[in-house]
Amino acid sequence: MANAPKAAGLNIDNVQKALEKQIAELRGEIGKINNTIEERGARLAREAIETASARASRAAKRLGTQTQSVREVARESPGAVTLVIGAAALLGFTIGVATGMNINSQGRRRYWN
């Protein structure tokens, strides 16, 4: 019976050392997982940036092409361009006047009353 506490103490020490070893191993595995996640995140961010850059480049090229087409049309027929811009301005002015008259009119028609 005198040996029982010593055996229990040795057993507790062995268990504690085993647990500390497992904790150290788990910390190492968590570190590896964190590194893997960081690498994947960095790779995904790089891919997203490259994709966005490529799309922006294609959009800029299309815009440049369309702008060039508009310039050519404006150079070839300046009268038509002036007519279209004038018509749009006249239409906008008419809509503005009609809206202003409707807002400022005293005798508003209320169809819901």
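What you see is a predicted model; the values in this text were computed from it and never measured. (Residues numbered from 1 in each chain as written. Predicted model: local features only at pLDDT ≥ 70, side-chain atom pairs only at ≥ 80, totals over all residues. Heavy atoms only, no water.)

Draft legend 1. Quick peek at the overall build of the protein. Scanning the protein from terminus to terminus reveals 2 helices and 0 strands. As presented, the protein carries roughly 10500 Å² of accessible surface, and 62% of it is formed by carbon and sulfur atoms. (Helix = DSSP H or I, 4+ residues; strand = E, 2+ residues; numbered from the N terminus. Areas by Shrake-Rupley, 256 points an atom, 1.4 Å probe, with all protein chains shown as cover.)

Draft legend 2. Structural detail: the pattern of salt bridges. Here the structure, examined in full by the defined rule, presents 1 salt bridge. Notably, a salt bridge pairs Arg43 with Glu47, separated by 3.6 Å at the nearest N-O pair. Residue Arg43 and its partner Glu47 are located together in helix H1 (residues 3-76), separated by 4 residues, close to a single helical turn. On the accessibility criterion, Glu47 (38% relative accessible area) is partly exposed. (Salt bridge = Lys/Arg side-chain N within 4 Å of Asp/Glu carboxyl O. Buried < 20%, exposed > 50% of the residue type's maximum accessible area, 1.4 Å probe, protein only.)

Draft legend 3. Fine view of a nonpolar patch on the surface. Residues Leu90, Phe93, Val97 and Met101 make up a contiguous nonpolar surface patch of roughly 440 Å² in combined accessible area. The exposure class assigned to Met101 is exposed, which follows from its relative accessible area of 59%. (Patch = residues over 30% accessible without salt bridge, like charges linked within 9 Å, V, L, I, M, F, W, Y side chains within 5 Å.)

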